[in-house]
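Reading the structure
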Amino acid sequence: MTVSKLVTSYSIYRTAAGFGVLAASESGLVDHRLPFGTSTVEEARAWAAECYPFATGESALTRTGVKLLEAYFAGEPVSFDLPLDLGGFTSFQKEVYHRVFGIGYGKVMSYGEVAAACGSPKGARAIGGAMARNRLPVIIPCHRVLAGNGQLTGFTAPGGVASKKDLLVMEGADFNARGALKPLFSGRL
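These notes cover the structure that comes with them. Note that residues are indexed from 1 along each chain, following the sequence as it is written. The model is predicted, so local features are restricted to residues of pLDDT at least 70 and side-chain atom pairs to those at 80 or more, both for listing and for counting; the totals for chains, interfaces and linings are taken over all residues. Derived side-chain values reflect all non-hydrogen atoms in the structure, with water molecules and hydrogen atoms excluded from consideration.

1. Details of the overall build of the protein
Secondary structure assignment for the protein yields seven helices and five strands. From first element to last, N terminus to C terminus, the protein shows the α and β order α-β-β-β-α-α-α-β-α-α-β-α. In terms of overall dimensions, the protein has C-alpha extents of about 45 × 35 × 25 Å along its principal axes. Think of it in three bands: residues with accessible area under 20% of the maximum for their type are buried, residues over 50% are exposed, and the middle band is partly exposed, with areas taken using a 1.4 Å probe on protein chains only. A buried classification covers 48% of the 189 residues belonging to the protein. Whether two residues are in contact is decided by their heavy atoms: any pair within 4.5 Å suffices. When contacts within the protein are restricted to residue pairs at least 6 apart in sequence, those whose partners lie at least 24 apart make up 60%. For every accessible area listed, the method is Shrake-Rupley and the probe measures 1.4 Å; residues are considered covered only by the protein chains on display. As presented, the protein carries roughly 9,000 Å² of accessible surface, and 53% of it is formed by carbon and sulfur atoms. Within this scheme the basic residues Lys and Arg register as positive and the acidic residues Asp and Glu register as negative, but His and the chain ends are omitted. Throughout, a charge is located at the NZ atom of Lys, the CZ atom of Arg, the CG atom of Asp or the CD atom of Glu. Once the 19 positive and 15 negative side-chain charges of the protein are each reduced to a mean point, those two points are 8 Å apart. Helix and strand definitions here come from DSSP, where helices need a minimum of 4 consecutive H or I residues and strands a minimum of 2 consecutive E residues; each element is numbered from the N-terminal end.

2. Regarding the pairing of strand β3 (residues 29–33)
Along β3, four of the five residues are buried, which leaves the element largely enclosed by surrounding structure. Any two strands with at least two DSSP bridges between them are considered paired. Where strand β2 (residues 18–24) lies against β3, four bridges are found, and the strand directions are antiparallel. Residue pairing for β3: Leu22 is matched across the bridge by His32. Where β2 folds back onto β3 in an antiparallel hairpin, the turn is made up of four residues.

3. Considerations on the environment of Tyr105
Among the secondary structure elements, Tyr105 is positioned in the loop between α4 (91–101) and β4 (109–110). Among the residues examined, Tyr105 registers a relative accessible area of 24% and is labelled partly exposed. Beyond its immediate chain neighbours, meaning those up to four positions away, Tyr105 contacts Tyr72, Gly75, Glu76, Pro77, Val78, Arg144, Met170 and Glu171. Of the polar contacts made by the side chain of Tyr105, one reaches the backbone oxygen of Gly75; its length is 3.4 Å. At 3.5 Å, the side chain of Tyr105 forms a polar contact with the backbone oxygen of Met170. Two N or O atoms count as a polar contact when they lie within 3.5 Å, although within protein this holds only if one can serve as hydrogen donor and the other as acceptor, and sequence-adjacent residues are included solely when both atoms are side-chain atoms.

4. Quick look at the nonpolar core
The term nonpolar core refers to a set of buried residues drawn from Ala, Val, Leu, Ile, Met, Phe, Trp, Tyr and Cys, joined through side-chain atoms within 4.5 Å. Membership of the largest hydrophobic core comes to 35 residues, with the highest contact counts inside it found for Phe73, Val96 and Met131. At the level of elements, β2, α3 (60–73), α4, α5 (111–117) and α6 (124–132) are the ones that each hand at least two residues to this core. It is α3 that contributes the most residues to this core, five residues altogether. Contacts of Phe73, omitting those with residues within four sequence positions, involve Tyr13, Thr15, Leu34, Pro35, Phe36, Val138, Leu167 and Met170. By size, the runner-up hydrophobic cluster in this structure holds 12 residues, among which are Leu6, Val7, Val30 and Tyr52.

5. Considerations on the layout of surface pockets
Looking at the largest pocket, its volume works out to about 180 Å³. Using only the protein atoms, space was sampled on a 1 Å grid; points where a 1.4 Å probe fits but cannot get out form cavities, open sets with protein on both sides within 12 Å along at least five of seven lines form pockets, and lining residues are those with an atom within 4 Å of a point. As for the largest pocket, its lining consists of 14 residues, and the residues nearest its centre are His32, Asn134, Arg135, Pro137 and Ala157. Grid points are joined across faces, edges and corners, and a volume is the space filled by probe spheres set on the points.

6. Brief notes about unusual backbone geometry
One non-glycine residue with positive phi stands out, namely Val138, at about 75°. With respect to the helices and strands, the residue Val138 is situated in the loop between α6 and β5 (145–146).

7. Some words on the packing of α4 against α6
Packed helices, taken two at a time, are described by their axes: the angle between them and the distance between them. Note on definitions: angles span 0 to 180 degrees between N-to-C directions of axes, and those axes are lines fitted to C-alpha atoms, for helices only across the stretch in contact. Close contact between α4 and α6 brings their axes to 10 Å; oriented N to C, the two are set at 85°. Here α4 lies roughly perpendicular to α6, going by the angle between them. Contact residues: Phe92, Gln93, Val96, Tyr97 and Val100 in α4; Ala126, Ile127, Ala130 and Met131 in α6. Note that Gly is not counted as nonpolar here; it falls among the polar residues with everything else outside the nonpolar set of Ala, Val, Leu, Ile, Met, Phe, Trp, Tyr, Cys and Pro and the charged set of Asp, Glu, Lys and Arg. Across the contact of α4 with α6, the residue classes break down as eight nonpolar, one polar and no charged. Roughly parallel covers angles under 35 degrees, roughly antiparallel covers those over 145, roughly perpendicular covers 65 to 115, and oblique covers all other angles.

8. Quick word on the packing of aromatic side chains
Working definition: an aromatic ring pair is given by the centre-to-centre distance plus the angle between the planes. For Phe, Tyr and Trp, rings pair up if their centres lie within 6.5 Å, where Trp contributes its six-membered ring, and each pair is then called stacked (planes under 30 degrees apart), edge-to-face (over 60) or tilted (otherwise). Throughout the structure, instances matching the rule amount to eight aromatic pairs. When the ring of Phe89 is compared with that of Tyr97, the centres are 5.0 Å apart and the planes differ by 85°; the resulting orientation is edge-to-face. Each member of the pair, Phe89 as well as Tyr97, carries the same accessibility label: buried. By the ring-pair criterion, three or more aromatic residues cluster together here, those being Tyr13, Phe36, Tyr72, Phe73, Phe80 and Tyr105.

Written out as structure tokens, the structure reads:
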């Protein structure tokens with residue numbers, strides 16, 4: 001089943017970067033569109049209406065989720081301890097998301113470190129593939145997964161790698177002139 005058919009509710013939120021959309025199914029949060037590149041609430045509503053045609057409005061879960069997202073984008077460390085709907089993902093992807101969900105605010109891990117934590121020490125590319133399919137960026141903080149040398153790579157959410165960097169800087173990261181994370185920030189788990 002596609003995400004659009006799973007979504008029963010969504011909420012729109014506003015940040016300095018634009019308007020984001022958080023969607024839920026009957027089982028939990030299922031999709032999150034980051035606010036980067038969506039400059040009006042009308043644009044966010046049109047995108048949500050097209051992507052979630054079966055949604056009937058907001059829910060308590062999406063309202064709670066957007067309050068946390070608004071706090072996060074205001075620079076507050078928050079914990080997204082909310083039910084997630086990871087239906088349609090493989091058991092490996094779910095394990096990856098579970099590990100990445102545990103990377104705390106202001107911390108990072110490399111793709112290789114996540115792979116090793118998942119019992120696949122040579123599976124860094126597979127971790128990258130799972131991150132590219134993450135439907136809940138920030139909530140499952142794939143922006144906190146970097147190349148082993150600290151370089152920012154692959155971020156399929158709106159804004160790409162620039163958005164990934166913005167999120168990390170908001171969390172306190174510092175980058176060198178080549179765009180790699182400075183070692184002082186290394187807070188790997």
